[in-house]
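Next come the chains, spelled out residue by residue.
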Amino acid sequence: MDLIQSGVKTNVKTSNGMIRPNTFRVIAGPCTVESYDQFVASAKAVKGAGFEYVRGGAFKPRTSPYSFQGLGEEGLRILSEVSGDLGLRAVTEVLDPQDVELVMEHAPILQIGARNMANFALLKAVGSAIAGSAEHGVILKRGFAATVEEWLLAAEYVTSAGGDNVVLCERGIRTFETSTRFTLDLSAVIVAKRLTDLPVIVDPSHAAGRRDLVVPLSKASVAAEADGLMVESHHEPQEALCDAEQALPAEALVGLRETLQPFASAMGREVV
Ligand code: PEP
Ligand code: MN
C-alpha cells in the first residue's frame, strides 16, 4: 500500500462537483430530520444563506439505544422532497450495508460516520454501490480514535471497491480534554492532504460540541487548507432532538458565510 505521494495537492476536486477547485464548500443543516416542518425551515435557511448542500440524518448512530434513532425511511422521504423542492443536494448517513441502495435513492451524498469508519463491510458496500455513478459521493468521517493512516486506508476500501467522489471529514478525536466534546485535529487535515488527492473537509460542530466555538473553528479550518465544512444548524436549536448544544441558529448561516469569505479569499477560494 503506497499512501504517500508527492507534496501538497492543490485544487483537489470531486468529479460530481461536491468539491470544486478554488472553492470552499459549506454543507449545513440539522443533525437529524425530525419532521417535515422542522426540516423545511432549517433547509430554507441553508438555501437562504446561498449554500447548495443540506445535511440531515435519517438513520442516526446514537450512543444510547434509548435516544431518538431518527425517522428512518420517513426521514429519507422528507429529506429528498425538501432538498428537491429547494434545489439543494442532500447529505445523509448510512449505517447498514442493507440500506445503501435505499439511501442512494433519496440522497446523492452518503455519509459514513465516525462510529462506522472501520465498518469494512459498509465501506465496501458503499464503494461498489456508487461505482460509476456521476451523481453520488461519500463523506467519510474520521473515527474519533483512528489515526490518519487508518482513516486513509478506510477511504481506500471505498475507492478500491470502485467508488470515487470520496471526501474525508475530520470531526474531532478523543483526548483528555473535557472543555470540548472532542478535540478538533487540524494537523490531521494538513497531513491527510499531503498524503492523498482526496478532498478534506472539517466538521467543527461534532468536534466542539458547543455552538460558540463553531465559527472560530471554521475560520481555522479555512486557514488549515480544508476544502470545506460540514456544520449543524437548526431553525430552533434549543429544541433540536439531537446535538442541540452544537447547532448554530439557522439565521447565523448568512453571518457564517460573510465571516468566512475574507479568510477564504486569502486562501484563493470562494465560499460556496
Ligand atoms: C453526524 O454527522 O450527525 C454524526 C453522527 O457525526 P459523527 O459520525 O462524526 O459523530
Ligand atoms: Mn449530530
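Residues numbered from 1 in each chain as written. Chains lettered and ligands numbered in written order. Predicted model: local features only at pLDDT ≥ 70, side-chain atom pairs only at ≥ 80, totals over all residues. Heavy atoms only, no water.

Caption draft 1: Just the pattern of salt bridges, in detail. On inspection of all chains with the given rule, the structure shows 12 salt bridges. Lys 141 serves as the salt-bridge partner of Asp 203, at 2.8 Å between the closest nitrogen and oxygen. Residue Asp 203 is found in the loop between β7 (200-202) and α7 (204-208), and its partner Lys 141 is found in strand β5 (residues 137-141); the two are separated by 62 residues along the sequence. Taken as a pair, Asp 203 and Lys 141 share a single burial class, namely buried. Asp 243 is paired through a salt bridge with Arg 181; the nearest N and O atoms lie 3.2 Å apart. Of the two residues, Asp 243 sits in the loop between β8 (228-234) and β9 (248-249) while Arg 181 sits in the loop between β6 (166-170) and α6 (186-195), which places them 62 residues apart along the sequence. (Salt bridge = Lys/Arg side-chain N within 4 Å of Asp/Glu carboxyl O. Helix = DSSP H or I, 4+ residues; strand = E, 2+ residues; numbered from the N terminus. Buried < 20%, exposed > 50% of the residue type's maximum accessible area, 1.4 Å probe, protein only.)

Caption draft 2: Structural context of the coordination of the manganese ion (ligand 2). All of the protein donors around the manganese ion (ligand 2) are Cys 31 (SG), His 206 (NE2), Glu 232 (OE) and Asp 243 (OD); their distances to the metal are 2.0 to 2.4 Å. Counting the intervening residues between successive donors of the manganese ion (ligand 2) yields the motif C-x174-H-x25-E-x10-D. Here Glu 232 is found in strand β8, whereas its partner Asp 243 is found in the loop between β8 and β9, with 11 residues between them in sequence. The exposure class assigned to Glu 232 is buried, which follows from its relative accessible area of 1%. (Donors = N, O, S within 2.8 Å, 3.2 Å for Na, K, Ca; no water.)

Caption draft 3: Representation of the side chain of Glu 34. Among the structural elements, Glu 34 can be located in the loop between β1 (23-29) and α1 (36-48). Despite its burial, Glu 34 pairs with no opposite charge; the closest candidate is Arg 62, at 8.6 Å N-O. For Glu 34, the side chain forms a polar contact with the side chain of His 234, separated by 3.2 Å. A polar contact of 3.0 Å, which involves the side chain of Glu 34, links it to the backbone nitrogen of Leu 241. The contact partners of Glu 34, leaving out residues within four places of it in the chain, are Leu 71, His 234, Glu 239, Ala 240, Leu 241 and Cys 242. (Lys, Arg positive; Asp, Glu negative; His and termini not counted. Polar contact = N/O pair within 3.5 Å; in protein donor to acceptor, adjacent residues only side chain to side chain. Contact = heavy atoms within 4.5 Å.)

Caption draft 4: Molecular detail of the environment of Asp 99. Looking at the element boundaries, Asp 99 is found in the loop between β3 (89-93) and α3 (100-106). With 27 residues separating them along the chain, Asp 99 and Gly 72 place their C-alpha atoms 10.0 Å apart. In this structure, Asp 99 is in contact with Phe 59 and Val 94, ignoring residues within four places of it in sequence.

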